[in-house]
Amino acid sequence: MGNIHFIGKNDGYDIEVYLGRKNVCNNNDTHQLGFYIADFDLSESIEKYDIETVKRLVWSLDAVPYFPSEGKLLDLFKDGYLKAAGSKYKHVAELVMERYPG
């Protein structure tokens, strides 16, 4: 979700995230694994990270119980989220994590 929020600049509001595999024909005959998103026109591109956007980011993490809410997995999730934000959006990611009820 951090990649969606900070690299893709999408608020993730009411999106469905799923894992998929795409067959790739190359020399190693390997498969490409990736995350795919289904959006039903409720998410928005992020123009600026204001308080309303932060609320939508928190909602995207809290609306369904996909993401960890306690223990070591929560710590790993938060670390990954902050890493995806990078130094440019670290303050926003920290605010989201403060408000995330996990």
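Look up a bit, the structure's there.
Remember, predicted model here, so these are calculated numbers, not experimental data.

## Points about the overall build of the chain
- Each helix and strand in the chain was counted, giving four helices and two strands.
- Listed by position from the N terminus, the elements making up the chain come as α-β-β-α-α-α.
- Counting the 102 residues in the chain, one finds 33% classified as buried.
- Long-range contacts, defined as pairs at least 24 residues apart, comprise 54% of the intrachain contacts of the chain with a sequence gap of at least 6.
- When the accessible area of the chain is evaluated, it comes to approximately 7,100 Å², of which 51% is carbon and sulfur surface.

## Section: the side chain of arginine 56
- Counting through the fold element by element, arginine 56 comes out in helix H2 (residues 51-62).
- Classification of arginine 56 as buried rests on a relative accessible area of 19%.
- Residues in contact with arginine 56, not counting those within four places in the same chain, are Asp11, Tyr13, Leu42, Ser43 and Glu44.

## Re the packing of H2 against helix H4 (residues 90-99)
- Between H2 and H4, the shortest axis-to-axis distance is 9 Å and the interhelical angle comes to 55 degrees. In terms of axis orientation, H2 runs oblique to H4. Seen from above, H2 lies across H4 with right-handed handedness. Where H2 approaches H4, its residues Ile51, Val54, Leu57, Val58 and Leu61 are matched on the opposing element by Val92, Leu95, Val96, Met97 and Arg99.
- Here the contact of H2 with H4 is built from residues that sort into nine nonpolar, no polar and one charged.

## Some words on the pattern of salt bridges
- All told, the structure shown has four salt bridges when counted by the stated rule.
- In this structure, the salt-bridge partner of glutamate 44 is arginine 56, at a minimum N-O distance of 3.8 Å. Remark: arginine 56 occurs in helix H2 and glutamate 44 occurs in the loop between strand S2 (31-39) and H2; sequence separation between them is twelve residues.
- Of the charged contacts in the structure, one is a salt bridge between lysine 55 and glutamate 52, with a shortest N-O distance of 3.3 Å. Pair noted here: lysine 55 and glutamate 52 are both in helix H2, with a separation of three residues, about one helical turn.
- On the basis of relative accessibility, which here comes to 45%, the residue glutamate 52 falls in the partly exposed class.

## Brief notes about the nonpolar core
- By size, the foremost hydrophobic cluster in this structure holds 21 residues, and its most contacted members are Phe6, Leu61, Tyr81 and Val96.
- The residues touching valine 96, leaving out its near neighbours within four places in the chain, are Val54, Leu57, Val58, Leu61 and Tyr81.

## Focus: the packing of aromatic side chains
- A full pass over the atoms with the stated rule returns nine aromatic pairs.
- An angle of 70 degrees between the planes, with centres 5.3 Å apart, marks the rings of phenylalanine 6 and tyrosine 81 as edge-to-face. Of this pair, phenylalanine 6 sits in helix H1 (residues 2-7) while tyrosine 81 sits in helix H3 (residues 71-85), and the two are 75 residues apart along the sequence.
- The class of phenylalanine 6 is buried, set by a relative accessible area of 4%.

So, how was this worked out
Residues numbered from 1 in each chain as written. Predicted model: local features only at pLDDT ≥ 70, side-chain atom pairs only at ≥ 80, totals over all residues. Heavy atoms only, no water. Helix = DSSP H or I, 4+ residues; strand = E, 2+ residues; numbered from the N terminus. Buried < 20%, exposed > 50% of the residue type's maximum accessible area, 1.4 Å probe, protein only. Contact = heavy atoms within 4.5 Å. Areas by Shrake-Rupley, 256 points an atom, 1.4 Å probe, with all protein chains shown as cover. Axes fitted to C-alpha atoms, helices over the stretch in contact; angles between N-to-C directions. Parallel < 35°, antiparallel > 145°, perpendicular 65-115°, else oblique. Left-handed = near helix turned anticlockwise from the far one by under 90°. Nonpolar A, V, L, I, M, F, W, Y, C, P; charged D, E, K, R; others polar. Salt bridge = Lys/Arg side-chain N within 4 Å of Asp/Glu carboxyl O. Core = buried A, V, L, I, M, F, W, Y, C linked by side-chain atoms within 4.5 Å. Phe/Tyr/Trp six-rings, centres within 6.5 Å; stacked < 30°, edge-to-face > 60°.

Read these as layout, nothing more, since geometry by itself doesn't imply function.
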